[in-house]
Number of protein chains: 2
Amino acid sequence: MKFQAIQLLFFLGISAVFGFAKDAKPTSKPILNQKTQVRLVDYIKPFVGTKGEGNTYPGPSTPFGMAQFGPDTENSLWATASGYDYRDTSIMGFSCTHLSGTGIPDLGDFLFMPQTGDPKFVPGSKEDPDSGYRQRYSHDNESAYCGYYQVMLENGVNVELTAADRSGIMRFTFPTSDQASIMTDLHHQLHGKRFKIIWSHLRVEDSQTVTGFHLVNGWGKERYIYFAAKYSRPFDDHLIMADGKPHIYDTYRFRSRNEASGQNLQFLAKYKTKKDEVIQVKIGISPVGANNAMMNLDAEIPHWDFKKVVAQTQEKWEKELQMAEIEGSLKEKETFYTALYHAFLTPNVYQDINGEFRGLDYNIHKAQGYTRYSVFSLWDTYRATHPLFNLLQPKRNADMINSMLTHYDQSVDKLLPVWELNGNETWCMIGYHAVPVIVDAYIKGISEFDSIRAYEAIKTTAMNPDYDSVATFAKIGYVPFDKENESLSKTLEYAFDDYCIAQMAKALGKTEDYNYFMKRAGNYKNIFDPSTGWMRPKDSNGNWRTPFDPHDYGGGAANFGDITEGTSAQYSWYVPHDVPGLISLMDGKDAFIKRLDELFTYKGKVSTGEDNEDEGRIGEYWHGNEPSHHIIYLYSYAGQPSKAAQRIHEVIRSQYGNRPDSLSGNDDCGQMSAWYIFSVMGFYPVCPGSSHYTIGSPCLPKVAMRLGNGKDLVIQANGLSEKNIYVQSLKVNGKDWNNPFLPHNEIKDGGKLVFTMGPKPSKWGTAPVIPD
Amino acid sequence: MKFQAIQLLFFLGISAVFGFAKDAKPTSKPILNQKTQVRLVDYIKPFVGTKGEGNTYPGPSTPFGMAQFGPDTENSLWATASGYDYRDTSIMGFSCTHLSGTGIPDLGDFLFMPQTGDPKFVPGSKEDPDSGYRQRYSHDNESAYCGYYQVMLENGVNVELTAADRSGIMRFTFPTSDQASIMTDLHHQLHGKRFKIIWSHLRVEDSQTVTGFHLVNGWGKERYIYFAAKYSRPFDDHLIMADGKPHIYDTYRFRSRNEASGQNLQFLAKYKTKKDEVIQVKIGISPVGANNAMMNLDAEIPHWDFKKVVAQTQEKWEKELQMAEIEGSLKEKETFYTALYHAFLTPNVYQDINGEFRGLDYNIHKAQGYTRYSVFSLWDTYRATHPLFNLLQPKRNADMINSMLTHYDQSVDKLLPVWELNGNETWCMIGYHAVPVIVDAYIKGISEFDSIRAYEAIKTTAMNPDYDSVATFAKIGYVPFDKENESLSKTLEYAFDDYCIAQMAKALGKTEDYNYFMKRAGNYKNIFDPSTGWMRPKDSNGNWRTPFDPHDYGGGAANFGDITEGTSAQYSWYVPHDVPGLISLMDGKDAFIKRLDELFTYKGKVSTGEDNEDEGRIGEYWHGNEPSHHIIYLYSYAGQPSKAAQRIHEVIRSQYGNRPDSLSGNDDCGQMSAWYIFSVMGFYPVCPGSSHYTIGSPCLPKVAMRLGNGKDLVIQANGLSEKNIYVQSLKVNGKDWNNPFLPHNEIKDGGKLVFTMGPKPSKWGTAPVIPD
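Looking at the overall build of chain A
Within chain A, the regular secondary structure consists of 19 helices and 37 strands. For chain A, whose C-alpha radius of gyration is 26 Å, the value lies close to the compact-globule estimate of 28 Å for 772 residues. If you line up chain A on its principal axes, its C-alpha atoms span 80 × 60 × 50 Å. Expressed as a percentage of its 772 residues, the buried residues of chain A come to 67%. Taking the intrachain contacts of chain A between residues at least 6 apart in sequence as the baseline, contacts between residues at least 24 apart amount to 70%.

Some words on the interface of chain A and chain B
Listed as interface residues are 51 residues of chain A and, on the opposing side, 50 residues of chain B. Summing both sides of the interface, chain A and chain B together bury roughly 4,200 Å²; the carbon and sulfur share of this comes to 49%. When the area that chain A buries against chain B is broken down by residue, the three leading residues are Trp199, Phe254 and Val412 of chain A, summing to 17%. The interface formed by chain A and chain B holds 2 salt bridges in total. For Glu259 of chain B, the salt bridge identified is with Lys221 of chain A, shortest N-O distance 3.7 Å. The interface formed by chain A and chain B holds 26 residue pairs in polar contact (both at pLDDT 80 or more) in total. Breaking the side of chain A that touches chain B down by element, the ones donating at least two residues are β11 (196–206), β12 (209–217), β16 (259–262) and α2 (290–300) of chain A. Top contributing element to the side of chain A that touches chain B by residue count: β11 of chain A, with 8 residues. Split by residue class, the side of chain A that touches chain B holds 21 nonpolar, 14 polar and 16 charged.

A word on the side chain of Asp42 of chain B
All names here are of chain B. Its place among the elements puts Asp42 in the loop between α1 (2–18) and β1 (70–72). We classify Asp42 as buried; its relative accessible area is 13%. One polar contact links Asp42 to Arg39, side chain to side chain, over a distance of 2.9 Å.

Comments concerning the sheet that holds strand β35 (residues 735–736) of chain B
All names here are of chain B. The 6 strands are arranged β19-β32-β33-β37-β34-β35 in an open sheet whose pairing can be described as mixed. What marks the edges here is a single partner per strand, and that holds for β19 (324–327) and β35. Bridge count for β19 against strand β32 (residues 702–706) is 4 bridges, and the pairing is antiparallel. Across the sheet, the residue bridging to Glu325 is Ala704, located in β32. Of the strands in this sheet, β19 and β32 are in contact with helix α4 (residues 330–343), which crosses β19 at around 160 degrees.

Comments concerning the state of the cysteines
One way to say it: the disulfide is the covalent bond shared by the sulfur atoms of two cysteines. Taken as a whole and assessed by the stated rule, the structure comprises 0 disulfides over all chains. Cys146 of chain A supplies the cysteine sulfur nearest to Cys96 of chain A, a cysteine that is in no disulfide, at a spacing of 19 Å. With no disulfide of its own, Cys687 of chain B has Cys500 of chain B as its nearest cysteine by sulfur position, at a separation of 5.9 Å. For Cys687 of chain B, a relative accessible area of 4% translates into the label buried.

Some points on the side chain of Glu484 of chain B
Examined against the element boundaries, Glu484 of chain B turns out to sit in the loop between α10 (470–476) and α11 (487–507). Relative accessible area serves as the criterion here: at 2%, Glu484 of chain B is assigned to the buried category. One polar contact links Glu484 of chain B to Tyr249 of chain A, side chain to side chain, over a distance of 2.3 Å. A polar contact of 2.6 Å, which involves the side chain of Glu484 of chain B, links it to the side chain of Ser469 of chain B. For Glu484 of chain B, the contacting residues outside a window of four places in its chain are Tyr249 and Thr251 of chain A together with Asp468, Ser469, Val479 and Lys490 of chain B.

Here's the deal with the sheet that holds strand β36 (residues 741–743) of chain B
Taking strand neighbours across the sheet as the criterion, the 3 strands line up as β30-β31-β36 (chain B) in an open arrangement whose pairing is antiparallel. Where the open sheet ends on each side, the last strands, each with one partner, are β30 (683–684) and β36 of chain B.

Here we look at helix α12 (residues 511–521) of chain B
Residues and elements named next belong to chain B. Among the residues of α12, Asp513, Phe517, Arg520 and Ala521 are the ones counted as buried. Each buried residue of α12 lies within a common arc of 105 degrees when the element is viewed along its axis, so the set occupies one face. Residues of α12 that are exposed and angled more than 90 degrees away from the buried face: Thr511, Glu512 and Lys519. Summarising the contacts, the buried residues of α12 are in contact with α9 (451–462), α10 and α11.

Quick word on the relation of the copies chain A and chain B
Superposing chain A onto chain B requires a rotation of 180 degrees together with a translation of 0.0 Å along the rotation axis, leaving an RMSD of 0.0 Å. Taken together, the rotation and translation describe the operation of a two-fold axis. No C-alpha of chain A lies nearer the rotation axis than that of Ile198 of chain A, which sits 3.5 Å from it. Most of the interface of chain A is mirrored in chain B, where 98% of its interface residues are also at the interface.

Digging into the environment of His649 of chain A
All names here are of chain A. Inspection of the secondary structure assignment puts His649 in helix α17 (residues 641–655). Since its relative accessible area comes to 8%, His649 is described here as buried. Through-space distance from the C-alpha of His649 to that of Met152 is 39 Å; in sequence the pair is 497 residues apart. Dropping the residues within four chain positions of it, His649 is found in contact with Ser697, Pro698, Cys699, Leu720 and Ile725.

Considering the packing of aromatic side chains
All names here are of chain A. Within this structure, the stated rule accounts for 98 aromatic pairs over all chains. Ring centres of Phe336 and Tyr337 lie 5.2 Å apart, and the angle between their planes is 80 degrees; this geometry places the pair in the edge-to-face category. By relative accessible area, which is 0% here, Phe336 ends up buried. You can call Tyr337 buried: its relative accessible area is 1%.

Section: the confidence of the model for chain A
Residue and element names in this part refer to chain A. Confidence in the prediction of chain A, expressed as mean pLDDT, is 93, and 94% of residues score 70 or more. For the stretch residues 1–36, pLDDT sits under 50, and the model shows 68 contacts to residues farther than four places along the chain or on other chains. Confidence metrics for the complex model read pTM 0.94 and ipTM 0.93.

Quick notes on the pairing of strand β33 (residues 712–718) of chain A
Residues and elements named next belong to chain A. Taking burial as the measure, the 7 residues of β33 include 5 buried ones, the bulk of the element. Once strand β32 (residues 702–706) ends, the chain turns through 5 residues before running back antiparallel as β33, passing Gly710 with a positive phi of about 90 degrees. In this sheet, strand β37 (residues 751–758) lies alongside β33 in parallel orientation, the contact comprising 6 bridges. Looking at β37, one finds that Gln716 is bridged to Val754.

Things to note about the pattern of salt bridges
Scanning the entire structure with this criterion turns up 78 salt bridges over all chains. Of the charged contacts, one joins Asp109 of chain A and Arg223 of chain A as a salt bridge, the two residues approaching to 2.9 Å between their closest N and O atoms. With Asp109 of chain A in the loop between β3 (93–95) and β4 (111–116) and Arg223 of chain A in strand β13 (residues 223–231), this residue pair connects regions lying 114 residues apart in the sequence. With a relative accessible area of 1%, Arg223 of chain A lands in the buried category. A salt bridge links Arg257 of chain B to Asp237 of chain B; the nearest nitrogen and oxygen atoms lie 2.9 Å apart. Residue Arg257 of chain B is found in the loop between β15 (245–246) and β16 (259–262), and its partner Asp237 of chain B is found in strand β14 (residues 237–242); the two are separated by 20 residues along the sequence. Judged by relative accessible area, which is 27%, Arg257 of chain B ranks as partly exposed. Each of Arg203, Glu205 and Glu259 of chain A together with Lys221 of chain B takes part in salt bridges that share partners, so that together they form one network.

Rules used in this analysis
Residues numbered from 1 in each chain as written. Chains lettered and ligands numbered in written order. Predicted model: local features only at pLDDT ≥ 70, side-chain atom pairs only at ≥ 80, totals over all residues. Heavy atoms only, no water. Helix = DSSP H or I, 4+ residues; strand = E, 2+ residues; numbered from the N terminus. Rg over C-alpha atoms; globule rule 2.2 N^0.38 Å. Buried < 20%, exposed > 50% of the residue type's maximum accessible area, 1.4 Å probe, protein only. Contact = heavy atoms within 4.5 Å. Buried area = accessible area lost by both parts, 1.4 Å probe. Salt bridge = Lys/Arg side-chain N within 4 Å of Asp/Glu carboxyl O. Polar contact = N/O pair within 3.5 Å; in protein donor to acceptor, adjacent residues only side chain to side chain. Nonpolar A, V, L, I, M, F, W, Y, C, P; charged D, E, K, R; others polar. Pairing = 2+ DSSP bridges. Axes fitted to C-alpha atoms, helices over the stretch in contact; angles between N-to-C directions. Disulfide = S-S within 2.5 Å. Arc of directions from axis to C-beta. Least-squares fit on C-alpha atoms with pLDDT ≥ 70 in both. Phe/Tyr/Trp six-rings, centres within 6.5 Å; stacked < 30°, edge-to-face > 60°. pLDDT = per-residue confidence, 0-100.

Written as structure tokens, this is what we have:
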């Protein structure tokens, strides 16, 4: 019923509203014998970003879902943080949770692997898959669509996966075998060799039901996750392996073959199978307990209809994707909708169907009046992902903020999340970027959170006496490199975060706070070294870091750690809240433009650190990592939007696409994708927490967005072509618009942006007036 | 108010009902300046059993309480299972949970230790206490009363402890010190070197509040316990130690000094103290979560009044002890009430104040309509402890059974508990002795549990296809030693358990089941070897174990493991449900008596195993362990109750008392003490699950019991003296009573037993008629 209603909405509603999409004819083959029809979900290419740096996963997930069922090919390389690399030629198995695009691996909970012949309980190596349960596979026999993944393994078992919000189904089609089995490895994990399974347990509740748990000391230092699995056919027999040995009674002291606890457990469900016999396993997960995992499973998948789950998950995605309609080529549509898909995978719902979740304090809490989200990759996502949510997902973004406030309440340090992962604080990356998320939402009128409580949290966070020399920053005006790692980056990012606090203070009439935090916002100036023209680390006595090379990654081998994943030449642009101030420090607009140009044309060597990757570079500009993400738009601040246009189109062309290797850097829980979404629309939130966007250059002839408040925003780029990339003129809601900044107020209730594009730079935007 | 009411009840009520106790004048000094008055709690000697094999602990606990605060002197010796041995000369610290009288160590959760000077974070050794935080102490500066423990440590800190049900207070009186501190060691545990802390965490919620957790792979394989501690004075500073190092920020990636997770954590609250400055720490515990631990603490101890908690706990004990009034010497009163105290320490309430507990399936459950108990040392306690509860604690015993049924529901093996420990099945010892507990309660009319559900559970347990060769026992009539360890003991105990099932089947009208289980109850005959006259292990082909020596402990070095903690000469008497059958196998009453005599006069060597202890022996009779506990009473079955009288009085005199070394064997969660209680009353439940007791010889001139149903049972032993130990005659409720068996029906609603005692054996009881 519901599905039909949505379908109807799609066919009548969207077509009527936007009046296009009729040309959309997906070439991807129909999924699961559904009728061939125009569906936005068919543009989703789950393999995008799975080859190389993207670190996405190809398995199914619902929008912002808690479960992400998918194949794992690697569990020890940091470069394969999602567990799957398209270049790998064998699969370890299929696990229930994955991170999308992070630079650090974790999750990969509860690996299931169908086997034939003598069962194996160790994964084996990529070099010799036969040394374990690994199976070779070919991309020719692999497919992935929205809500669906399939692969034929070398052992003849065809595997299909689908996922609901907190559960999913694994569908195994076996060949004839006297020794078929489905193994579950609780020891499997996706977090390199540095982390470990602390403890686990398994319970064979009956011959069709298994529950289990593991406690992982991974990126999240103490992460609890439980599962409940139901098998469509009772197993003929079963075996638990513990520490490599069968867990059976040795006649000394009773040991149940139906349960075990330990650090290294596997479960084997044994079968004799006929040709093409299908055995399904449906699995629910929970951070609270096995009973909740079962509750989630029973509520979400109370049947064995695999196709129904696929259809329901596609229906959920279709509804989300209907927020946007674009004109463009098939490649552009696949790129666009896959970017939207990636942006809407994370943060993840982190509560059971009854609202229970495990908090930062490890207690079980119940989310009351909001939905608890997790996986806050804030150093990345404050930039464009959460600003995108403010347009398209305001309710969810408010609940993400409510989740952050709950985290704050439970924090022994009274800190908002830095990088939260399933009820754990990883302390990953730097800054306190929950602040720009909260302030950006507040400034943009998102009201479904308590602003008084939120202000208290952001201020308390910024006044923390212990965290990462914030107190020293406040006292002496910068973070000194002799007292604190990544001092250059921290100084710049704290200054930005403090600007955000000041904006909220101002709006709340807290003048004293406004003045205090605006003063801190200006602290970026204290590490600008006029003698070199770069941001430069300074020690607590005021001495500049010497020697100093602005192209040294991380600050260089000798001083490694001054800069967060970048060079001074990259980080020196990080003053999004006071670009005129930065322009002034850099000797005016002309010098500023010249130096921006040099960034993109730099041909010298950039020394690399272990985390440094070459992909995604244009000169020293590194689109593959977030510190560069706002830089192109700085041209617009200096009166040269045409140079921004050139680089935006270059990046869109060269670093995004519809192929597995199309992402040039970690998608970082959607930040790379959100950059794409904004940029193709023609504007970008250079300074979250401010009330305006910076206009660049649209990359699609037409984009229509149904905003979260139900209003429609339409962007047209008349005359756009491969050559016509320069804005000649712009009308915003019918008004001529020459300033390359777009106030949020102009689009918050929908509206229309009509760009006229041409082959050469025009006068448009060359006299920027930066809004307050 | 409540306390006064109870006091009043005591002074008026009990004195009026029983009409004695006026002579009771405790010599122990008044506790905490309370008025000197006759209180039964003053007879409790918490040190009884702490020296040697008793394995009790001296710290405070409420009746059946969840928390047992107390000193730990040892955490690596199996012989010091409770953590405290009176012979030790230094104390490691004070932990929150302890087991009473078990033979295997566990618990000892969350050790607190006050220090002065440079803080230490490892316990150090007994040989060199200065090598760690251990402190020397003297018994001269140590005291323990009901609900209260005190010791002055060498460092000048006086420590006082008291406990409520799930919480307690530690009261530290410091000397003047610039470096005073209170350390909490989460790595401390009482389970030898074989077990370990799997994981732990600590959170400094504020400067007066700390919460924490550890997961222990101990005797219980996966035991979760949490605490919440409040400090009466904010600490001046604090420090967390992780893996031996200060847990502080190293400037690379933020690390909070206010929280940590890991395998080896300590917390230090730092103070400057004035002379005699008191700092109290009150601590709540929970198996569910830190929030529940805090809830328990806040509900039970919402104040800082240490004396009030002591008074409330004493009040609870006074109420329990008022069930019994005895005449006797001070030593006898101290022995008796301490035995009652020990019998009422375990099983322990195992649910938070809101009813939540962690089940066998590790899920959080809520006890509905009953109280969840834990720590079921069933191989011991089915014998006399639970039968005692059926008289004195029927409601609690019913809830213990309800707890066992919940355990059964959550068991993947559909087995009732064997040896349950805080939501874990340890599989310790043998048999399925939840069965006699349930059946004894049912037969004796305890009705607050579902008999249909209970019968299903006992039958399913006895029909288990996997557990300890029960299925083979059912099939071939005994447990063969080539297939199963402890085969001799298992055969005998299964036969007894099956007798119990048959009794309940009969009562429920299940004739087929009755016949089936009565057949199994007769299986003991299959391992009686007429050629030696002893129970003897047999293999699956029907061959006797050869060589065979009935005095070989455990079956002897070569065949170690045939017998559970004993010799065939001890175990051959284990047919409590068919003593006539055993007499017949042993060639009649005269031979039977002769062989019983030989058991007590045996002077040969008994080869010993590692668990074998010499204490508690009379010949080969070993009162220090449970397999012997019923044996003395077998004389009464053979028409020689005077011989039983002699041995009962000998055991009561030699193996019980009011001193630290008075218990000759592990108290085993009250079984040793329950044997004492029954035996001094003059009867004993040789065969739980039957409807009668076996009469021995009373050891106190008068015992009055207020039964659980409110009725009074009075036992008088007229003429009793050190020499007058033989029953000359008996009147039961006014009727002459010559049969040495006492039907439960005669006393279930109270009544009066009047023994007349004399210096010589009489004709009384020499013509026994064993009830059906």
